[in-house]
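If you want the building blocks of each chain, they are given just below.
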Amino acid sequence: MTKEDVNGTVVELSGETCYDNNAIEERETAEAGGACQAVPGPEIEKPAPYAGMPKEVLLLYSGQARYRLPREIIFWLAIVTSLMLAGATVAIIVVSPKCLNWWQSSPFTSSGKHNFLSLCFSSGIQTKLSYFEYLNVKSISIGSIYKSSSNDFGYEVEDFREVDEVFGTMEDFENLLAAMHDKGLKLVMDFIPNHTSDKHVWFQMSRNRTGKFTEYYVWHDCHHYNGSTTPPNNWLTVYGDSAWDYDAIRGQCYYHQFGKGQPDLNYHSYHVQEEMIEVLKFWLQKGVDGFRVDAVKFLLEADHFRDEPQVDVMQRPENISSYSELHHDYTTTQLGLHDILHNWRNVLDEYSREPGKYRSMFTDSFDDNKIATTMLYYGSSRIKEADFPFNFYLTRLKNQLYSRNVFELVDLWMANMPQGHWPNWMVGNQNVYRVMSWAGQDYINVINMLLLTLPGTPATYYGEEIGMDNINLNSGNAEDPGKLVSNLARSPMQWSSDDNAGFSKSNRTWVPVHSEYRSVNVQMQKNDSGSTLAVFRALALLREKELPLHRGWMCYVYNDSNVFAYARELDGFKRAYLIILNFGQGTSTDLQSKIPGLPKMMHIRLSTRAENNGQMVKTSAIGTARGEGLVLEYHPEWLFHRLNRYEKQCFISDRACYLSMLDILYKTC
Amino acid sequence: MENNERRKEYDQQDRHCDRNQDMCSSTDGVNGTALQRKVSLISGICMIVGTMIGSGIFISPKAVLFHTGAVGPCIGVWVLCGIVSTLGALCYAELGTMITKSGGEYSYLLEAFGPVPAFLYAWTSVVVLKPACCAIISLSFAEYSAAPFYPSCEPPIFIIKCLAIAAFFLLVIINSLSVKMASNVQILFTGAKLLIVVIIAIAGGILLAKGNTQNFSNAFHGSKTSLGAFSLACYNGLWAYDGWNQLNYITEELKNPYRNLPLAIIIGIPLVTVSYVLVNIAYFTVMTPVELLQSPAVAMTFGDRVLHPLSWIVPVFVSFSTFGAANGCCFAAGRLILVSGREGHMIKILSYINVKRLTPSPAIIFNGVISIIYMMPADIETLINYFSFAVWLSYGATVLSLIVMRFTRKDMKRPVQVPIIIPIVVLLMSIYLVFAPIIDEPSWEYLYCMIFIMSGLILYVPFVYYSFSWAQRIIKPLTLHLQLLMEIVPVENKEE
């Protein structure tokens, strides 16, 4: 049996080998005993191995190569396997791309603060918040809720550390924040650093030239005689009148970029910068997740106070009465502005270290045709600034809603955005007309589809997801009729067909409820699979679920006067999407002939017309009705961004590829 | 060489055994093959502390606060749970010194109620509870190790599974190679865990001294007064203390168990209680109750607020802590399997030990394989949650066995004897804890769990009670070859 005689153990075997173990089952003990008896003396051949053999018998055989080798092999295999598994883990961690943060992964909703907030603060928080869960929206911007003289909807802040009593108390705010965090929702607050109310205690102290407050505002000597003031220079407010106003108490003029009651803070003062950082910290400590920094380009003014150059040099200076008649070289985007933003970013970063607590910053600055100026808010490759500056360019669609314009506006941002940054898209906001008012029922869904399928964060304005319209100026009475024009898009959220659209139980609301709230409201649309709300929700779900849609490539595929088409794809992912949006008239598009090699048939994953969902279309004749948008799903055999021809037409923020076998993303591709 | 070393060990053992004649007659001689008494008092304490303090106190000490609603009662509940665990452990100290067999509950149930309840316990524990528990601890180790690399999202599932399996592989290898090494690993990682507890407690103490007491000023404001909420708080708190019975699984390997078992319990559990209370107080010096409830990882939040720029040590030590707990689980589970195999309630080969290394490698590998299988599916935790009532069922049954044996086995030597009121209190507590989650959220799954436990009987009758010969025909040659392959032999009973 064996070749080797294990160091003469045979001799060593004695009666002791016969072991007896109580614990072992009797039957087996008997056998073991039997085996023992078979080996009574030293002179007998060594015993055969048997189940339950003791050490002495075992050692006779276990050294044989047929047992020793597999044993060694298995042992080393186990060690190698565990090292390999550990190595694989490390390797995957190293090649993993940065994961998407909360402000990237979910659509962003701005809620006019008077809308569900006044309700959230007091009661019904849970129901209103679960609406966001229903919509699959996790980031909510709540607007300004600071204690303010409410002439301009909270933008005249009297105290940065108080909640206006219209909304409730600080405790109410804390409860709201806690309730939102419990549901995984993030709260983004407005930060209004440019100016305060003239009723703010800082302004009162500054008027009296009290200590450090003396330099808190932008003061300048000016000539005041008999009730008429000669301003120190030609600077204008955004409304077109002189930006300077005389203050009798101090005997100087103060500068205000906006209304008369909104004096600008002086950011050349170190104390002001410190003070505003303290304000940020105050809210960060409360747990606020981010800030929308309002009117950021106006923060600094040139300290030489020279006249701004006229657009039309021939115009007589005294006739200038509109903001657009000057080049605002000395009142906007001044040197040092970005340093202030860096400091704020650093403060936010300090508070971002805790797990799951990234604090973000978004800037609100519309630089019109100087888009490069807007892009500066992304920061440089070394210094990070805003997570994104809001992209207002799509609001231009109001005047020109046609396909090529959509393409151009999308491309305007994509082509100018520095590489590696994250885009965002906004069509509606509180300062412009409701999308419904200019796009109409025909196009509202396709616009929502555009927002939710472009790469980057869709930023929507409350009510657009159900297609709310402007209110009729002549109906109802608001608190402040003089400002009604700006309230067009600020009417209460239309929750249901109940009185006041289920928004408030009081008889009157801040801004009147839209007259058609009984036909356009959340409650009704929730039950209608073809409603604007249903389309929005389906898009938001699809965007979250499908990797190519939320972090893949976007490639422009085609556009003409009726349709705009782009692809969303990700290396290694078995599905890709072709989005084709109709902003013109009903048409049939032949993509097959324009893009050879495109799959012949595609599956309609989602249409703005629910009845088309799930159908197959021929890519040689993709029919889209007026205002219809299609998300077509296909299994790509090749990818657009891999082709030279499309190199310049493809974008991705953070390059990543997908490995379906392990369900991981990796960046080394 | 080897023999000489072993002799030395035996000699040492002899010295111990002078006092405990019947425990280990140490007449094993040269051919003796048995698990060695290698677990000292220190490693015994580490076994208890290291298993009790897993990751719960660092990640989610929330449930207690959530159910109590205020800081004061929250800390009160932590203390109370510590006391209850101590009482439970005292009962186990009596049992452990009375029946000096490894295997914990299994051995006591066997002694008091006979083989059927013991088999059902072993069946449930060996097949579900212990390996699933090991699996969960390893998975959380992997999660905490990977989390810092994925700051704003969940790490991919694949790497969590991969790392968990790698870690458990390593633990199985260590535990199969050497008992000494395994208990050193336990000491090392328990040390690390206590270090971070001490760091957090000291930091909290300093902040307290600096006057960060605003959260304690109104410590009872907002507390919930209902009995239901209170009992749920206790229920959740006791989970953080689970593991106090750990040393009873390895009594046979404990040096001088009559002294060390009770001593380790008396030192270990109050140590954990004090740690828990101090850590909780430290948390409240920098976090409001709401912040604590909303933090995804409480100790990390604490670290970032207090220890910055050294805050990275918290995640590092938390993963150490979970690794240590996984080791404790692996160690103890192996012993339970060994003992039930020895009694014929599991396949016999599971009770064998390695000839050269004197480790219960078949049991450890068996547990390792099942644990790793449990790590594979997506969500093991939901399954184990439903089995949680079975844990308290076994504690209750064990304490009942203590009470029963006070009457049926009056003559047994009881080096430690607790007042009868203690087991009665613990028994009532366990009855409550078995039913609390079921009443709180009744679900069919509990019934399925019960059916699963009872299904053990279907196996018991043919395989254990009648021991079918055809089964033996398969097992015998398998045993033979596995024995030779793994160099494992049956344990020689020292008491003979």
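Residues numbered from 1 in each chain as written. Chains lettered and ligands numbered in written order. Predicted model: local features only at pLDDT ≥ 70, side-chain atom pairs only at ≥ 80, totals over all residues. Heavy atoms only, no water.

- With an unreviewed UniProt entry as reference, chain B is termed b(0,+)-type amino acid transporter 1, source organism Erpetoichthys calabaricus.
- Word for word, the UniProt comment on chain B under Sequence similarities (unreviewed entry) is "Belongs to the amino acid-polyamine-organocation (APC) superfamily."
- Checking UniProt for chain B, the heading Subcellular location (unreviewed entry) contains the comment "Apical cell membrane". (UniProt positions renumbered as here; feature names shortened; annotations may be inferred.)

- Going by an unreviewed UniProt entry, chain A carries the name Amino acid transporter heavy chain SLC3A1 and comes from Erpetoichthys calabaricus.

**As for the overall build of chain B**
For step 1, the next point in the chain: What chain B contains, in helices and strands, is 20 helices and 2 strands.
For step 2, the next point in the chain: With respect to the principal axes defined by its C-alpha atoms, chain B has extents near 65 × 50 × 45 Å.
For step 3, the next point in the chain: In chain B, buried positions account for 61% of the 496 residues.
For step 4, the next point in the chain: For chain B, restricting intrachain contacts to residue pairs at least 6 apart in sequence, the fraction spanning at least 24 positions comes to 83%.
For step 5, the next point in the chain: Per element, the accessible surface of chain B, about 19200 Å² overall, is 68% carbon and sulfur.
For step 6, the next point in the chain: Across chain B, the mean location of the 31 positive side-chain charges is 4 Å away from that of the 29 negative side-chain charges. (Helix = DSSP H or I, 4+ residues; strand = E, 2+ residues; numbered from the N terminus. Buried < 20%, exposed > 50% of the residue type's maximum accessible area, 1.4 Å probe, protein only. Contact = heavy atoms within 4.5 Å. Areas by Shrake-Rupley, 256 points an atom, 1.4 Å probe, with all protein chains shown as cover. Lys, Arg positive; Asp, Glu negative; His and termini not counted. Charge placed at Lys NZ, Arg CZ, Asp CG, Glu CD.)

**Focus: the pairing of strand S5 (residues 186-191) of chain A**
Residue and element names in this part refer to chain A.
For step 1, the next point in the chain: Judged by how many residues are buried, S5 sits mostly within the fold: 6 of 6 residues are covered.
For step 2, the next point in the chain: Neither face of S5 is exposed, since Lys 186, Val 188 and Asp 190 on one face and Leu 187, Met 189 and Phe 191 on the opposite face are all buried.
For step 3, the next point in the chain: The pairing of strand S2 (residues 139-141) with S5 spans 3 bridges and is classified as parallel. Along S5, the bridge assignment pairs Ser 139 with Lys 186.
For step 4, the next point in the chain: Pairing geometry for S5 and strand S11 (residues 290-293), over 4 bridges, is parallel. From the neighbouring strand, Val 188 faces S11, where its bridge partner is Gly 290. (Pairing = 2+ DSSP bridges.)

**Comments concerning the sheet that holds strand S12 (residues 360-363) of chain A**
Residues and elements named next belong to chain A.
For step 1, the next point in the chain: Pairing in this open sheet of 8 strands is parallel, and the strands run S13-S12-S11-S5-S2-S1-S15-S14 from one edge to the other. Of all strands in the sheet, those bounded by a partner on one side alone are strand S13 (388-389) and strand S14 (424-426).
For step 2, the next point in the chain: Inspection of the sheet shows S11 paired to S12 by 4 bridges, in the parallel sense. If you follow Gly 290 over to S12, its bridge partner there is Ser 360.
For step 3, the next point in the chain: In the packing of helix H8 (residues 170-182) onto the sheet, contacts are made with S2 and S5, and the angle to S5 comes to roughly 140 degrees.
For step 4, the next point in the chain: Of the strands in this sheet, S5, S11 and S12 are in contact with helix H11 (residues 337-350), which crosses S12 at around 155 degrees. (Axes fitted to C-alpha atoms, helices over the stretch in contact; angles between N-to-C directions.)

**What about helix H9 (residues 179-210) of chain B?**
All names here are of chain B.
For step 1, the next point in the chain: The first and last C-alpha atoms of H9 sit 46 Å apart over 32 residues, in line with the 46 Å expected at 1.5 Å per residue.
For step 2, the next point in the chain: Two or three places before Lys 180, at the opening of H9, Ser 178 has a side-chain oxygen 3.1 Å from that residue's backbone nitrogen.
For step 3, the next point in the chain: Once H9 finishes, Gly 211 follows within two positions and takes phi at roughly 105 degrees, a positive value. (Expected span 1.5 Å × (residues − 1). Polar contact = N/O pair within 3.5 Å; in protein donor to acceptor, adjacent residues only side chain to side chain.)

**Examining helix H16 (residues 361-375) of chain B**
Residues and elements named next belong to chain B.
For step 1, the next point in the chain: A rise of 1.5 Å per residue sets the reference length of H16, with its 15 residues, at 21 Å; its end C-alpha atoms lie 21 Å apart and thus fit the reference within 8%.
For step 2, the next point in the chain: Extensive coverage of H16 is indicated by the burial of 11 of its 15 residues.
For step 3, the next point in the chain: The inward-facing, buried residues of H16 contact helix H7 (115-146), helix H8 (157-177), helix H15 (313-342), strand S1 (353-354), helix H20 (469-486) and strand S2 (488-489).

**Considering the interface of chain A and chain B**
For step 1, the next point in the chain: On the side of chain B, 53 residues touch chain A, which itself brings 53 residues to the contact.
For step 2, the next point in the chain: Counting each side, the surface lost to burial between chain A and chain B is near 4700 Å², with a carbon and sulfur contribution of 62%.
For step 3, the next point in the chain: Taken as a group, Lys 55, Tyr 67 and Arg 353 of chain A account for 13% of the area that chain A buries against chain B, more than any other trio of residues on that side.
For step 4, the next point in the chain: The tally of links from chain A across to chain B stands at 2 salt bridges. (Buried area = accessible area lost by both parts, 1.4 Å probe. Salt bridge = Lys/Arg side-chain N within 4 Å of Asp/Glu carboxyl O.)

**Section: the state of the cysteines**
For step 1, the next point in the chain: Evaluated as defined, the whole model comprises 5 disulfides over all chains.
For step 2, the next point in the chain: In this model Cys 99 of chain A forms its disulfide with Cys 153 of chain B; the gap between the sulfur atoms is 2.1 Å. Taking the sign of the S-S torsion, -110 degrees for the link of Cys 99 of chain A and Cys 153 of chain B, the bridge is left-handed. Note that Cys 99 of chain A is positioned in the loop between helix H4 (65-95) and helix H5 (102-105) and Cys 153 of chain B in the loop between H7 and H8, a pairing that runs across two chains.
For step 3, the next point in the chain: For Cys 99 of chain A, a relative accessible area of 15% corresponds to the buried category.
For step 4, the next point in the chain: A sulfur-sulfur distance of 2.0 Å marks the disulfide that ties Cys 555 of chain A to Cys 650 of chain A. Between Cys 555 of chain A and Cys 650 of chain A the disulfide shows an S-S torsion of about 115 degrees. By sign, it is right-handed. Separated by 95 residues along the polypeptide, Cys 555 of chain A in strand S16 (residues 553-559) and Cys 650 of chain A in strand S24 (residues 650-651) bring together distant segments of the chain.
For step 5, the next point in the chain: Taking relative accessible area as the criterion, Cys 555 of chain A reaches 0% and is therefore assigned buried.
For step 6, the next point in the chain: With relative accessibility at 9%, the residue Cys 650 of chain A sits in the buried group. (Disulfide = S-S within 2.5 Å.)

**Describing the sheet that holds S24 of chain A**
Residue and element names in this part refer to chain A.
For step 1, the next point in the chain: Strand order in this open sheet of 7 strands is S21-S20-S23-S18-S17-S16-S24, and the pairing throughout is antiparallel. Either end of the sheet is taken by a strand with one partner, and the two such strands are strand S21 (616-618) and S24.
For step 2, the next point in the chain: As judged from the 6 bridges shared by S16 and strand S17 (residues 563-569), these two strands associate in the antiparallel manner. If you follow Tyr 556 over to S17, its bridge partner there is Tyr 566.
For step 3, the next point in the chain: In the packing of helix H14 (residues 435-453) onto the sheet, contacts are made with S17, strand S18 (576-582), strand S20 (601-607) and strand S23 (629-634), and the angle to S18 comes to roughly 145 degrees.
For step 4, the next point in the chain: On the sheet, helix H16 (residues 532-545) packs against S20 and S23 and is oriented at approximately 120 degrees with respect to S20.

**Details of the confidence of the model for chain A**
Predicted coordinates in areas of low pLDDT are best not read in detail.
Residue and element names in this part refer to chain A.
For step 1, the next point in the chain: On average, residues of chain A carry a pLDDT of 86, and 87% of them reach 70 or more.
For step 2, the next point in the chain: Note that residues 1-41 has pLDDT below 50 and, in this model, 61 contacts with residues that lie over four places away or in other chains.
For step 3, the next point in the chain: Low confidence marks residues 475-482, where pLDDT is under 50. Its contacts with residues over four positions away, or in another chain, come to 9 contacts. (pLDDT = per-residue confidence, 0-100.)

**A word on the packing of aromatic side chains**
For step 1, the next point in the chain: A full pass over the atoms with the stated rule returns 65 aromatic pairs over all chains.
For step 2, the next point in the chain: Ring centres of Phe 258 of chain A and Phe 298 of chain A lie 5.4 Å apart, and the angle between their planes is 90 degrees; on these two criteria the pair is classed as edge-to-face. Residue Phe 258 of chain A is found in the loop between strand S10 (252-255) and helix H10 (270-286), and its partner Phe 298 of chain A is found in the loop between S11 and H11; the two are separated by 40 residues along the sequence. Across this residue pair, the class does not change: Phe 258 of chain A and Phe 298 of chain A are buried.
For step 3, the next point in the chain: Each ring, one from Trp 78 of chain B and one from Tyr 276 of chain B, has its centre 5.4 Å from the other, and the planes form 80 degrees; the classification is edge-to-face. Residue Trp 78 of chain B is found in helix H5 (residues 71-98), and its partner Tyr 276 of chain B is found in helix H12 (residues 257-286); the two are separated by 198 residues along the sequence.
For step 4, the next point in the chain: The exposure class of Trp 78 of chain B is buried, given its relative accessible area of 3%.
For step 5, the next point in the chain: By relative accessible area, which is 2% here, Tyr 276 of chain B ends up buried.
For step 6, the next point in the chain: Here the aromatic cluster, defined as three or more aromatic residues joined through ring pairs, consists of Trp 103, Phe 108, Tyr 358, Phe 362, Phe 366, Tyr 378, Phe 388, Phe 390, Phe 392, Tyr 393 and Trp 413 of chain A.
For step 7, the next point in the chain: Just above the ring of Tyr 134 of chain A sits the side chain of Arg 537 of chain A; from NZ or CZ to the centre is 4.0 Å.
For step 8, the next point in the chain: Above the plane of the ring of Phe 331 of chain B lies Arg 335 of chain B, whose end atom (NZ or CZ) is 3.9 Å from the centre. (Phe/Tyr/Trp six-rings, centres within 6.5 Å; stacked < 30°, edge-to-face > 60°. Lys NZ or Arg CZ within 6 Å of the ring centre and 35° of its normal.)

**As for unusual backbone geometry**
A negative phi holds for most residues other than glycine; trans holds for most peptide bonds.
For step 1, the next point in the chain: Pro 309 of chain B follows His 308 of chain B through a cis peptide bond whose omega is 5 degrees.
For step 2, the next point in the chain: Structurally, the position occupied by Pro 309 of chain B is in the loop between helix H14 (298-306) and H15.
For step 3, the next point in the chain: For Thr 333 of chain A, which is not a glycine, the phi torsion comes out positive at approximately 45 degrees.
For step 4, the next point in the chain: With respect to the secondary-structure elements, Thr 333 of chain A resides in the loop between S11 and H11.

**Details of the pattern of salt bridges**
For step 1, the next point in the chain: Applying the stated criterion across every chain, the model contains 35 salt bridges over all chains.
For step 2, the next point in the chain: Here Arg 305 of chain B ties to Glu 354 of chain A by a salt bridge, and the two come within 2.5 Å at their closest N and O atoms. Remark: Glu 354 of chain A occurs in the loop between H11 and S12 and Arg 305 of chain B occurs in helix H14; the pair is interchain, linking two chains.
For step 3, the next point in the chain: A relative accessible area of 10% means that Glu 354 of chain A is categorised as buried.
For step 4, the next point in the chain: A salt bridge links Arg 626 of chain A to Asp 442 of chain A; the shortest N-O distance between them is 2.7 Å. On the criterion of sequence distance, the pair formed by Arg 626 of chain A in the loop between strand S22 (622-624) and S23 and Asp 442 of chain A in helix H14 is long-range, its members being 184 residues apart.

**Side note on the confidence of the model for chain B**
All names here are of chain B.
For step 1, the next point in the chain: Per-residue confidence for chain B averages 86 on the pLDDT scale, and 92% of its residues sit at or above 70.
For step 2, the next point in the chain: Here helix H1 (residues 2-17) stands out as the least confident element of chain B, with mean pLDDT 43; H16 is the most confident, with 94.
For step 3, the next point in the chain: In the predicted complex, the global pTM is 0.84; the interface-specific ipTM is 0.83.

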